[in-house]
Amino acid sequence: MLCFVCNTRRICDENSYSQGGLGRCTEERAAYRLMQRKEEFLSDVTHRFHSAANRLQLLISGESHDIFAADVFYHQSCYLKFAVNPTKQGNEQEQIQKRISNDVMNDFFARIRVKVLRDKNGYLLSELIEDVRNMSDEKGVEAVVTHTSTLKMKLINEFPEKLGFYQTGRQVIVHASDMNPCDYTVATLKGHGLRDNDLIRAFAFMVKEKIQKKKNKESQWPYTPEELIAKLDNGPIKELYNIIYATKDPSFNVNEHGYAITRSTQMATKVWGLASDWEALITPRTRSAKQVLTAATLHRITGSKEAVVMMNKMGSCISYNDTRIQNRAWARMVSSSSGIAKQLCKGIATHATIDNNDGRQ
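Residues numbered from 1 in each chain as written. Predicted model: local features only at pLDDT ≥ 70, side-chain atom pairs only at ≥ 80, totals over all residues. Heavy atoms only, no water.

Here we take up the overall build of the chain. A count of helical and extended segments in the chain gives 14 helices and five strands. A total of 361 residues make up the chain; the buried ones form 37% of that total. A fraction of 60% describes how many contacts in the chain between residues 6 or more apart in sequence connect residues 24 or more apart. Summing over all exposed atoms, the chain offers an accessible surface of approximately 22500 Å²; the carbon and sulfur share of this is 51%. (Helix = DSSP H or I, 4+ residues; strand = E, 2+ residues; numbered from the N terminus. Buried < 20%, exposed > 50% of the residue type's maximum accessible area, 1.4 Å probe, protein only. Contact = heavy atoms within 4.5 Å. Areas by Shrake-Rupley, 256 points an atom, 1.4 Å probe, with all protein chains shown as cover.)

Looking now at the side chain of Asn327. Tracing the chain through its elements places Asn327 in helix H14 (residues 320-334). If we ignore the near neighbours within four places in the chain, the residues touching Asn327 are Ala296 and His299.

The next thing to look at is the packing of aromatic side chains. According to the stated counting rule, one finds 10 aromatic pairs in the structure shown. Pairing Phe4 with Tyr74 gives two aromatic rings, centres 6.3 Å apart and planes at 80°, and the pair type is edge-to-face. Taken as a pair, Phe4 in the segment before strand E1 (22-24) and Tyr74 in strand E2 (residues 73-75) lie far apart in primary sequence, 70 residues in all. Each member of the pair Phe4 and Tyr74 is classed as buried. Considering the side-chain rings of Tyr74 and Tyr79, the 5.1 Å spacing of their centres and the 25° angle between planes classify their relative orientation as stacked. (Phe/Tyr/Trp six-rings, centres within 6.5 Å; stacked < 30°, edge-to-face > 60°.)

A cluster of nonpolar side chains, contributed by Ile243, Trp278, Leu281 and Ile282, occupies part of the molecular surface with about 360 Å² of accessible area. The element contributing the most residues to the nonpolar patch is helix H11 (residues 265-282), with three residues. Along the chain, Ile282 falls in helix H11. (Patch = residues over 30% accessible without salt bridge, like charges linked within 9 Å, V, L, I, M, F, W, Y side chains within 5 Å. Salt bridge = Lys/Arg side-chain N within 4 Å of Asp/Glu carboxyl O.)

Assignment of secondary structure puts Glu279 in helix H11. Overall, the relative accessible area of 12% leaves Glu279 in the buried class. For Glu279, the residues in contact, after removing those within four places along its chain, are Ile211, Lys214, Pro236, Ile237 and Leu240.

If you look at the biggest cluster of nonpolar residues, it comprises 45 residues, and the most contacted ones within it are Leu34, Tyr74, Phe82, Phe108, Leu151 and Leu155. Of all the secondary structure elements, the ones that give two or more residues to this core are helix H1 (28-42), helix H2 (50-61), E2, helix H3 (76-83), helix H4 (86-118), helix H5 (125-139), helix H6 (148-158) and strand E5 (171-176). With eight residues, H4 is the single largest residue contributor to this core. Ignoring anything within four residues of it in the chain, the contact list for Tyr74 reads Cys3, Phe4, Tyr17, Gly21, Leu22, Gly23, Arg24, Cys25, Ala30, Leu34 and Tyr79. (Core = buried A, V, L, I, M, F, W, Y, C linked by side-chain atoms within 4.5 Å.)

To continue, consider the packing of H1 against H3. As a packed pair, H1 and H3 sit with axes 9 Å apart at the nearest point and diverge in direction by 55°. Here H1 lies oblique to H3, going by the angle between them. Where H1 abuts H3, its residues Ala30, Arg33, Leu34, Arg37, Lys38 and Phe41 lie against Tyr79, Phe82 and Ala83. The residue inventory of the contact of H1 with H3, partitioned by class, reads six nonpolar, no polar and three charged. (Axes fitted to C-alpha atoms, helices over the stretch in contact; angles between N-to-C directions. Parallel < 35°, antiparallel > 145°, perpendicular 65-115°, else oblique. Nonpolar A, V, L, I, M, F, W, Y, C, P; charged D, E, K, R; others polar.)

There is a patch of like positive charges on the surface, built from Lys305, Arg324, Arg328 and Arg332. At three residues, the largest contribution of residues to the positive patch is made by H14. Within the element layout of this structure, Arg332 appears in helix H14. (Lys, Arg positive; Asp, Glu negative; His and termini not counted. Charge placed at Lys NZ, Arg CZ, Asp CG, Glu CD.)

Moving on, we get to helix H10 (residues 238-246). Most of H10 is tucked away, with seven of its nine residues classed as buried. Here H10 has its buried residues at Glu239, Leu240, Tyr241, Asn242, Ile244, Tyr245 and Ala246.

For the rest of this paragraph, the subject is the pairing of E5. With respect to burial, E5 is a largely interior element, six of its six residues being buried. Bridging between strand E3 (residues 123-124) and E5 involves two bridges; their strand directions are antiparallel. Across the sheet, residue Leu124 finds its bridge partner in E5, namely Ile173. (Pairing = 2+ DSSP bridges.)

The phi dihedral of Asn7 is positive, around 55°, even though this residue is not glycine. Examined against the element boundaries, Asn7 turns out to sit in the segment before E1. The exposure class of Asn7 is partly exposed, given its relative accessible area of 38%. Although it is not a glycine, Glu161 adopts a positive phi angle of roughly 65°. Positionally, Glu161 belongs in the loop between H6 and strand E4 (163-168). You can call Glu161 exposed: its relative accessible area is 76%.

Before going further, it helps to examine H11. Counted at 1.5 Å a residue, the expected span for H11 with its 18 residues is 26 Å, and the 26 Å between its end C-alpha atoms agrees. For H11, the full list of buried residues reads Ala268, Val271, Gly273, Ala275, Ser276, Glu279 and Ala280. (Expected span 1.5 Å × (residues − 1).)

Attention now goes to the confidence of the model for the chain. The predicted model of the chain averages 78 in pLDDT, with 79% of residues at 70 or higher. Across the chain, the secondary-structure element scoring lowest on mean pLDDT is helix H7 (residues 186-190), at 44, and the one scoring highest is helix H13 (residues 305-313), at 91. This model gives residues 185-195 a pLDDT under 50, and the stretch forms 20 contacts once residues within four places in sequence are excluded. (pLDDT = per-residue confidence, 0-100.)

Below is the structure:
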């Protein structure tokens, strides 16, 4: 079956007539209009519908000129262009196009409710606009939305405060507002056009933002023993901890604090150390608890400046100068009453005890 007007096959042909599909001539008024316009177009060989009129003439020629006995099919939009006078055609066609366009957007919004809000899937805005274009083609109308900015505004108006739009490079991730866009797996978004680099950037922006918030709450350097214990208790941010552990066990569960549940204390300690190093790399001016303790312990056991400098260059501890500053600060904190006697002077016998805190006495 082909539309005798456009003589082409369309994706929407299998739809109902009201949804842009093919329809068969079954009404007297429609038949009268077609026959009337056929004679008009046959007399004008230059008219754009002259060939369509010839096809209609050929269809009914073998059926005693009975249009109802012939298989005369046409699209709704084609019928309006062929059979309706130009003065009436504009308003009727505009109303039909508007109604079909509204149906397209309503169907699209229904998909968003199911796929994004209910199933918590993430999609690229550029992929969603392709869905709208495909749905428009299926209905036999021009694309309802042609720009991502327009589609974004329609989504915001339809779902106020329910959808989130995460900018990552040139891409925009559309997700439920109660979901973190970085919580979606690579497989979930990759099928919708998201590249690995886009996901990496999205994760990096999220981590950087969280670390910046954490940094604003950090204590001033040097740390007191109580502050250092608090830093140990807090640990690195859970996103870094979990992503490191996920490389070993992707199907992990989390505890009540949001951290991955590891299989052993030894594994948890290793992951904690790697996550601390990663966090320190992102915030070079912030000393992590691991770096401070590593430098202090190493210097106390070995008393070697070279050992501390070497470990600092590998990013495993704070610098030697920072180690000295922290040690002096701790000495003042725990022994603020000690010091050199004011009466100490030449010629007077004095007993003094000096400890360089190297841990070997």
